[in-house]
Amino acid sequence: MRSLLRLAASLSVVAFPLATHATTAILFPLYFDPDPATCWPELQAAAKANPSVPFVLIINPNSGPTTDPTDAQLQCIPTIRAAMPTAKIVGYVSTDYGNRGPAQVRKDITTYRTYSGFQEGDAKIPIDGIFLDETSSSTSRSIWFLYQGYSQFIKRSFSNAYIVMNPGTAVSPRLYSLANLLVTFESPYSAWNPSLINTASNTPLSKQAIMIHTFPSQEPDAVNDMDAILAQFAPSLGAIYITNRIDPDVDVYGDFGTDWNEFVGEVAKYETPPAAKRSIIKLYNTDTHTRAPRRRLSMSFFHSNSKPSRFAQAAILLLTSVTSVKATGVIIPLYSSSSTCWPELQTGVKANPSVPFTVIINPSSGPLSDVSEPVLACIPTLRSVLNSESKIVGYVSTQYGNRDQSAVTAGIQEYQSWSSLTVSGTAIPIDGVFLDECSDSESTLSIYTAYSKTINSAFSDGIVVLNPGTTVPASFFDIASIIVTFEDAYSNWKTISASSDKPLSKQAIIIHSIPIGTDEGAILSSIGSSLNSAFFSNYVPGVKDPYQNFAPDWTTFVADLASLNGGSSAGSGTGSGSGNASSSTAVSPSPRPPRRIRALDHLPATSSASVLPLAAPRPRELGVQEGAFSVDIGIKAQIELFDFMNTN
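What counts, and at which threshold
- Residue indices follow the written sequence of each chain, beginning from 1 at its first position.
- Residue-level local features of this predicted model are given only where pLDDT is at least 70; pairs of side-chain atoms are given and counted only at 80 or more, and the full residue set underlies all totals for whole chains, interfaces and linings.
- Think of the side-chain values as coming from all heavy atoms in the structure, minus any hydrogens and water.
- Secondary structure is summarised from DSSP: a helix means a run of H or I of at least four residues, a strand means a run of E of at least two, and numbering begins at the N terminus for each.
- Throughout this description, buried means an accessible area under 20% of the type-specific maximum (1.4 Å probe, protein chains only), exposed means over 50%, and partly exposed covers the range between.
- A contact between two residues is defined here by any heavy atoms of the two lying within 4.5 Å.
- Using a 1.4 Å probe, the Shrake-Rupley method yields the accessible areas, and only the shown protein chains count as cover for residues.
- Only Phe, Tyr and Trp rings are paired, with Trp represented by its six-membered ring, and only when their centres lie within 6.5 Å; those with planes under 30 degrees apart are stacked, over 60 edge-to-face, the remainder tilted.
- Strand pairing requires that DSSP identify at least two bridges connecting the strands.
- When the strands point away from the viewer, a crossover counts as right-handed if the path from the first strand over the helix to the second runs clockwise.
- Disulfides are defined as cysteine sulfur pairs within 2.5 Å.
- Any Lys or Arg side-chain nitrogen located within 4 Å of an Asp or Glu carboxyl oxygen qualifies as a salt bridge.
- For helices, the fitted line uses only the C-alpha atoms of the stretch in contact; every axis is such a line through C-alpha atoms, and the angle between N-to-C directions lies from 0 to 180 degrees.
- What pLDDT reports is the predictor's confidence in each residue, on a scale of 0 through 100.

1. Let's talk about the overall build of the protein
When helices and strands are counted, the protein shows 17 helices and 21 strands. Relative to its full complement of 648 residues, the protein shows a buried share of 61%. Sequence separation of at least 24 residues holds for 83% of the intrachain contacts in the protein that already meet a minimum separation of 6. Looking at the protein as shown, the accessible area adds up to about 23,600 Å², and 52% of this sits on carbon and sulfur atoms.

This is how it looks when you write it as structure tokens:
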């Protein structure tokens, strides 16, 4: 019977993507104090008897950290390190489903970080990361930003930080970019159902953990039941824990269950030999990376056909000539749905038909192919109002060069497949791809070159937008149309440099959290009007997402750009969006914090600034990004900027 169950379960594994690793770890909650003289001998014995099984151990000295060096758990860390050198040790921190104060959460994380300075005997006791318990499963932006902040804080606090989040249920694919493991099931065995585990390509098993308590070990088929769970998910599953300790009679994590050794032995049976691991990685790693939502915005300024000013001529001599520079446009990340297809955007486009727009759409932290999805359903409406030079590009995360290349390619190809989709009889092809979270290391140049070639061959216009958010080697400029070379808060703004191999005509800047009243025109004039594009966003007190609505000066902003462009020939405002974009490639980047963004609507005045990380690459020819546009450029600065940008 047992062999039949294993066979049946193993057949079902075909439906589940295999992980890049081929060993399921045991995620063990050490929520009970050991005897300092023996330090959880059951744990050490099981690890010794099953050396192929990796462990992730959650220490929890006091429902969180303690600074008492005599604490039994702290005293045992060196012993566990010696007995289990490959185990990951993470510290328990409660987040109360997003309700606990962020300052308290960060304080606990900081306390665990200080363990690196503690010493037990001759050994130090650093740990590897944090277990964020009671993680919220909400899909709201505020929750996303909260946990994104925790993740970044942990990564800054620990070298090679290991992060586990415990929502205890399925969560949005967006959270997968923030942690090494997510506990997507934590309940008694009576509630267990394999269908509760989401095994889509953007929710890989390799990042999921299962915790089952109150397991009926005394029942006749108990071993078969445990075996069936493991056969279905191991070794692709990231981690698992099963215990027969019963809730609510006792603390289910208050000790080792009586089935502990049997459980570890069962997990060991599904550990894949090294040769098989390599084969699985080669065959299945396309499904092991998740899409990291990231938004970056870029705003552009337009070139006119007017005669360049002396200032512009001098700047051109200094910065090298730029050929075929087009009017600077608006780059808008439409990272939200709209049942009315973003009327503010439509109004801005119709009122300023000379302004080119590059619209970044992002149905689900990447592509979807469901035409009932509002973002897809609105494409014909956008096409009907955008001028012929405007472009629509699809969002794809590259996770700073770390995402599996075949997964990135699959995202590009899924956007390409939209050319065969229709909405009310109208085809909805797009023009290219926005590659977010780009690496800025030259070692990844070949990766981004390949992405660029794929995009160029997949789309007739082949628009490639890349977002490193920082400076990159000159070699990247050869494969990119636009590179975001600065993306940060206004408080961190510094000027950018240009040269013949890093022309301003290919550079974009993204500055957020700008205090209202700042002379943004001075920023632009200090750079020079050959800048390809820019995006500015104000700081709004109490608003965690500064791009949730269109800014109050949105209409003025677009009109000013149109005026500065002198009504340059971008089209009639009713074009089909089939402009003649030159083919270009993507650039390698640096990490940026994930964001879903809209353009801001109502921004209260303030003089204080806030640092909210954000980033956005620009498409090759134009840039359209959604965001809170608060560009208050002095007329003289605008004219000089406009002249400079229109020199070619």
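Okay, back to it.
2. Structural notes on the packing of aromatic side chains
Scanning the entire structure with this criterion turns up 21 aromatic pairs. Centroid distance Phe28 to Phe256: 5.0 Å. Interplanar angle 20 degrees. Geometry classified as stacked. Residue Phe28 is found in strand E1 (residues 25–30), and its partner Phe256 is found in the loop between strand E10 (239–242) and helix H7 (260–269); the two are separated by 228 residues along the sequence. Both residues of the pair, Phe28 and Phe256, count as buried. Between Tyr112 and Tyr115, the aromatic rings sit 5.4 Å apart at their centres with planes inclined by 75 degrees, giving edge-to-face as the arrangement. Here Tyr115 falls in the buried class, since its relative accessible area comes to 0%. Cluster of aromatic residues (ring-pair linked, three or more members): Phe28, Tyr31, Phe32, Tyr92, Phe131, Tyr241, Tyr253, Phe256, Trp260 and Phe263.

3. As for the pairing of strand E3 (residues 88–94)
With 6 of 7 residues buried, E3 lies mostly within the body of the structure. Here strand E2 (residues 55–59) runs beside E3; their pairing, made up of 4 bridges, is parallel. Paired with Val56 across the strands is Lys88, a residue of E3. Running through helix H3 (residues 72–83), the crossover from E2 to the neighbouring parallel element E3 is right-handed. As defined by bridge partners, E3 adjoins strand E6 (residues 129–133) across 5 bridges and the pair is classed as parallel. What sits directly across from Ser94, in E6, is Asp133.

4. Here's the deal with the state of the cysteines
Inspection of every chain in the model, using the stated rule, returns 2 disulfides. Paired through a disulfide, Cys39 and Cys76 show a sulfur-sulfur distance of 2.1 Å. Here the S-S torsion is close to -80 degrees, and the disulfide linking Cys39 with Cys76 is therefore left-handed. Here the residue Cys39 occupies a position in the loop between E1 and helix H2 (41–49), and Cys76 occupies one in helix H3, the gap between them amounting to 37 residues. Across the pair, Cys76 and Cys39 agree in class, each one buried. Paired by a disulfide, Cys341 and Cys378 hold their sulfur atoms 2.1 Å apart. When the S-S torsion is -85 degrees, as for the bridge of Cys341 with Cys378, the disulfide is left-handed. In this pair, Cys341 is assigned in the loop between strand E12 (330–334) and helix H10 (343–351) and Cys378 in the loop between helix H11 (374–377) and helix H12 (379–385), connecting sequence segments 37 residues apart.

5. Focus on the pattern of salt bridges
Under the defined criterion, the tally for this structure stands at 5 salt bridges. The residue Arg81 makes a salt bridge to Asp128 at a minimum N-O spacing of 3.0 Å. One end of the pair, Arg81, is in helix H3; the other, Asp128, is in the loop between strand E5 (123–124) and E6, with 47 residues separating them in the sequence. Salt-bridge contacts for Lys269 lead to Glu266; the nearest nitrogen and oxygen are separated by 3.0 Å. Note that Lys269 and Glu266 are positioned in helix H7 at a spacing of 3 residues, about one turn of the helix. With a relative accessible area of 4%, Glu266 lands in the buried category.

6. Some remarks on the sheet that holds E2
Taken together, 8 strands build a closed barrel; the order of strands is E1-E2-E3-E6-E7-E8-E9-E10 and the barrel is parallel. In this sheet, neighbouring strand axes are inclined to one another by 25 degrees on average, regardless of whether the strands run parallel or antiparallel. Here E1 pairs with E10 via 2 bridges, running parallel. Opposite Ala25, over in E10, you have Ala239 as the bridge partner. In this fold helix H5 (residues 141–157) packs onto E6 and strand E7 (162–166), with an angle of close to 155 degrees to the strand it touches most, E7.

7. Let's talk about the side chain of Gln208
When you line up the elements, Gln208 lands in strand E9 (residues 208–213). Accessibility expressed as a relative area gives 1% for Gln208, which makes it buried. Ignoring anything within four residues of it in the chain, the contact list for Gln208 reads Tyr176, Leu181, Leu182, Thr184, Ile197, Asn198, Thr203, Leu237, Gly238 and Ala239.

8. A word on the confidence of the model for the protein
Confidence along the protein averages 74 in pLDDT terms, with 69% of residues attaining 70 or more. Here residues 567–648 is modelled with pLDDT under 50, and outside its nearest four sequence neighbours on either side it reaches 471 contacts, counting other chains as well.

9. A short note on the environment of Ala234
Within the secondary structure, Ala234 sits in the loop between helix H6 (222–233) and E10. With relative accessibility at 7%, the residue Ala234 sits in the buried group. Spatially, the C-alpha atom of Ala234 lies 9.6 Å from that of Ser206, the residues being 28 residues apart in sequence. Dropping the residues within four chain positions of it, Ala234 is found in contact with Thr24 and Tyr270.

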